[in-house]
Amino acid sequence: MEEIDLNDWQRNTIYQRDTRSSRQILWFWQFVKEIDNEKRMRLLQFVTGTCRLPVGGFADLMGSNGPQKFCTEKVGKENWLPRSQTCFNHLDLLAYKNYEQLKEKLLFAIEETEGFGQE
């Protein structure tokens, strides 16, 4: 299992309806830093459909229409589970009220589901 480069991941992430310094995004990266590499791979698979990175890392992620960076979008309600659109490397990151809620929902999505909430 390859080690995920967190700096590369952060540099090559696009934020829709959000900013790099928003509370949700800061919590997301805190979560990614706290989990082990295996869970990071599961998160990557949840969002992209694959647990493997291209040789060029996150900058070279491919979507259904060619190159497509990892993307988060603030959308939905706080009681929803995170959703992914694997064709576009897209994670719907909801407006959770605190870090613990975000962590609980993301862990459930990557550990307890297989295809659930994916488009």
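So, how was this worked out
- Residues numbered from 1 in each chain as written.
- Predicted model: local features only at pLDDT ≥ 70, side-chain atom pairs only at ≥ 80, totals over all residues.
- Heavy atoms only, no water.
- Helix = DSSP H or I, 4+ residues; strand = E, 2+ residues; numbered from the N terminus.
- Polar contact = N/O pair within 3.5 Å; in protein donor to acceptor, adjacent residues only side chain to side chain.
- Contact = heavy atoms within 4.5 Å.
- Expected span 1.5 Å × (residues − 1).
- Buried < 20%, exposed > 50% of the residue type's maximum accessible area, 1.4 Å probe, protein only.
- Pairing = 2+ DSSP bridges.
- Axes fitted to C-alpha atoms, helices over the stretch in contact; angles between N-to-C directions.

With that settled, the discussion passes to the side chain of H90. Tracing the chain through its elements places H90 in strand β6 (residues 90–93). Polar contacts involving the side chain of H90 include one to the side chain of E73, which spans 3.0 Å. Other than its neighbours up to four places away in sequence, H90 contacts Q16, V47, C71, E73, R83, S84 and Q85.

Turning next to helix α3 (residues 37–48). Relative to the 16 Å expected for twelve residues at 1.5 Å per residue, α3 spans 16 Å between its end C-alpha atoms, a close match to the ideal helical length. When we look at burial in α3, the residues that qualify are N37, R40, M41, L43, L44, F46, V47 and T48. Buried residues belonging to α3 abut α1 (6–11), α2 (23–34), β4 (70–74), β5 (83–85), β6 and α4 (99–111). Once α3 ends, the next one or two residues include G49, with phi positive near 90°.

Strand order in the open sheet made by the four strands is β1-β4-β6-β5, with mixed pairing throughout. A single partner strand is all that each edge strand has here, and the edge strands are β1 (13–16) and β5. Averaged over all adjacent pairs, the angle separating strand axes in this sheet is 20°, with direction ignored. Note: β5 against β6, three bridges, orientation antiparallel. From the neighbouring strand, S84 faces β6, where its bridge partner is L91. Across the face of the sheet, α2 comes into contact with β1, β4 and β6 while running at roughly 115° to β6.

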